[in-house]
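# Secondary and tertiary structure notes
Spelled out from the first residue to the last, the chains are:
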Amino acid sequence: MSYSPSDKRYDSMEYRRCGHSGLVLPAVSLGLWHNFGHVDVLENCRKILHLAFDSGITHFDLANNYGPPAGSAEENFGRILKQDFHSYRDQLIISSKAGYYMWPGPYGEWGSKKYLVASLDQSLKRMGLDYVDIFYHHRPDPNTPLEETMAALDLIVRQGKALYVGISNYKAEEAAQALKILKDLGTPCLIHQPKYSMFERWVEGGLLDLLEKEGVGCIPFSPLAQGLLTNKYLKGIPEDSRAAKATGFLQESEITPEKVQKVQKLNELAIKRDQTLAQMALAWILRDKRVTSVLIGVSRPEQVTDSLQCFRNTWFSAEELAAIDTILK
Ligand SMILES: NC(=O)c1ccc[n+]([C@@H]2O[C@H](COP(=O)([O-])OP(=O)(O)OC[C@H]3O[C@@H](n4cnc5c(N)ncnc54)[C@H](OP(=O)(O)O)[C@@H]3O)[C@@H](O)[C@H]2O)c1
């Protein structure tokens, strides 16, 4: 049966302007790092994408290496896009990235012009697209001049293969340099994608201020710390969780008793706020207006439904914020 999206899909989502650009993004976006590879069940991927779009999520985030195997998330996404979303391409913001290892030899990772241009061409083929909306450099490269990497992003936009460009995993100082080069080239950086959650707060030490000052958007990834900031690991490691899966990036060793104790306390606070912990963890990030969108991952449609209810309460009292800081210390 063909997919026909809900007529109400734009009614309840909040859209935030991405820095000083013309683009707005949904306050919650969906990433396809896990659960969309060839190792996963395609019908589940399809259901998640349908529900996300039906709920107003217009932005889907990919990268060359998502899978496993690497590339297969883009292939699966491309297949579903062709079958179900082909009439809706202009309502979607699709991103991809290059930076991590993708193919053997000296040209298959990092930040050379050779790698970035070739990788995006491969991504476009896998997804069956003429262009991506956002193309990111995935991680800083200590050995390639930043001027070359940024010139590659500028070139890609001029070639019409991406509409906007972004950077990911750049610390504040590296980001400042990259933003300056891109501005001078005439292709301003749209957005930065850093890791940010209650457990990982480095962006508060300068990056968020820089992005605000420069008019660049911010889309934090792993806002739930890959599932740790949910009620999932309160009583051990469930069999179907990312930590238990052989292909999951979250290691069992990261779920330490100290962390679980903090999660338990955060969970009690979330219950007092009449939220699930996932909802509170997302709301806590979204309370900062410098954040354009939070980039979540999900393994099943119900998690989309649960997480999107974060909008019911994104306000925190000073006492609640202090209590969270105390728990996280
Ligand atoms: N730029 C980069 O370097 C970079 C790096 C990492 C990620 N990213 C991007 O960020 C996206 C999100 O990253 P992430 O997947 O680590 O995000 P996350 O939202 O922190 O974690 C997602 C995991 O949390 C669990 N979960 C989600 N919603 C839940 C809910 N409501 N209740 C209970 N559990 C819930 C699920 O775990 P289970 O699978 O165990 O059910 C899900 O797979 C990626 O897909 C990717 O697009 C970018």
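Up top is the structure.
Attention in this report is confined to the structure presented alongside it. (Residues numbered from 1 in each chain as written. Predicted model: local features only at pLDDT ≥ 70, side-chain atom pairs only at ≥ 80, totals over all residues.)

It is worth spelling out the pairing of strand β5 (residues 93-98) at this point. Of all six residues in β5, six are buried, a share of seventy percent or more. The side-chain alternation of β5 yields two buried faces, one formed by Ile93, Ser95 and Lys97 and the other by Ile94, Ser96 and Ala98. Direction of pairing for strand β4 (residues 59-61) relative to β5: parallel, over a ladder of three bridges. The residue of β5 that forms the bridge with histidine 59 is isoleucine 93. What joins β4 to β5 is helix α2 (residues 72-84), and the crossover it makes is right-handed. Strand direction decides the pairing type here: β5 and strand β6 (residues 132-137), joined by four bridges, are parallel. Counted as the bridge partner of serine 95 is isoleucine 134 from β6. (Buried ≥ 20, exposed ≤ 12 C-beta atoms within 10 Å, placed from the backbone. Helix = DSSP H or I, 4+ residues; strand = E, 2+ residues; numbered from the N terminus. Pairing = 2+ DSSP bridges. Right-handed = clockwise from strand over helix to strand, strands pointing away.)

Let us look at the site of the ligand. The environment of the ligand is made up of 29 residues, and the closest members are Gly31, Trp33, Phe221, Gly227 and Gly297. Of all the secondary structure elements, the ones that give two or more residues to the shell around the ligand are β10 (294-296) and α9 (301-308). Looking at the shell around the ligand element by element, the count peaks at three residues for α9. Considered class by class, the residues forming the shell around the ligand number ten nonpolar, 15 polar and four charged. (Near = placed C-beta within 6 Å. Nonpolar A, V, L, I, M, F, W, Y, C, P; charged D, E, K, R; others polar.)

Glancing now at the pairing of strand β3 (residues 28-31). Side chains Val28 and Leu30 project from β3 onto one buried face, and the interleaved Ser29 and Gly31 project onto a second face that is buried too. Summarising the sheet, β3 and β10 pair through three bridges and their orientation is parallel. Bridged to leucine 30 within β10 is isoleucine 296. Taken together, the two bridges between β3 and β4 define a ladder with parallel strand orientation. When the sheet's bridge partners are listed, glycine 31 is paired in β4 with aspartate 61. Running through helix α1 (residues 42-54), the crossover from β3 to the neighbouring parallel element β4 is right-handed.

Contact geometry for helix α5 (residues 172-185) and helix α6 (residues 207-214): axes closest at 9 Å, N-to-C directions at 15 degrees. When the axis of α5 is compared with that of α6, the two are roughly parallel. The hand of the α5/α6 crossing is right-handed. On the side of α5, the interface is formed by Ala172, Ala175, Ala176 and Leu179, while α6 contributes Leu207, Leu210 and Glu214. Looking at the contact of α5 with α6, its residues break down into six nonpolar, no polar and one charged. (Axes fitted to C-alpha atoms, helices over the stretch in contact; angles between N-to-C directions. Parallel < 35°, antiparallel > 145°, perpendicular 65-115°, else oblique. Left-handed = near helix turned anticlockwise from the far one by under 90°. Contact = placed C-beta atoms within 7 Å.)

Within the secondary structure, tyrosine 136 is located in strand β6. Residue tyrosine 136 is classed as buried on the basis of its 28 C-beta neighbours within 10 Å. For the pair formed by tyrosine 136 and leucine 153, sequence separation is 17 residues and the distance between their alpha carbons is 7.9 Å. When sequence neighbours within four positions are dropped, the list of residues in contact with tyrosine 136 reads Ser95, Lys97, Gly166, Ile167, Ser168 and Gln193.

Read from one edge to the other, the open sheet built from eight strands follows the order β9-β8-β7-β6-β5-β4-β3-β10, with strand pairing classed as parallel. Since the sheet does not close on itself, it has two edges, and those belong to β9 (217-218) and β10, each with one partner. Bridge count between strand β7 (residues 162-168) and strand β8 (residues 189-193): four bridges; the pairing is parallel. Within β8, the residue paired with valine 165 across the bridge is cysteine 189. Along the sheet face, helix α3 (residues 113-127) touches β5, β6 and β7 and points at about 140 degrees away from the line of β5.

What follows is about unusual backbone geometry. Look at the link from glycine 67 to proline 68: it is a cis peptide, with omega at -5 degrees. A cis amide bond, omega -10 degrees, links proline 68 with the succeeding residue proline 69. Structurally, proline 69 is set in the loop between β4 and α2. Its identity is not glycine, yet alanine 225 carries a phi of approximately 50 degrees, on the positive side. Mapped onto the secondary structure, alanine 225 falls in the loop between β9 and α7 (257-272). At aspartate 274, a position not held by glycine, the phi torsion is positive, near 65 degrees. Within the fold, aspartate 274 resides in the loop between α7 and α8 (277-286).

Here the focus is α9. All of the buried residues along α9 are Gln303, Val304, Ser307 and Leu308. Projected onto a plane normal to the axis of α9, the buried residues spread over an arc of 125 degrees and lie on a single side. Set apart from the buried face of α9 by more than 90 degrees, the exposed residues are Glu302 and Thr305. Contacts from the buried residues of α9 go to β3, α1, α8 and β10. (Arc of directions from axis to C-beta.)

These figures capture arrangement, not role.
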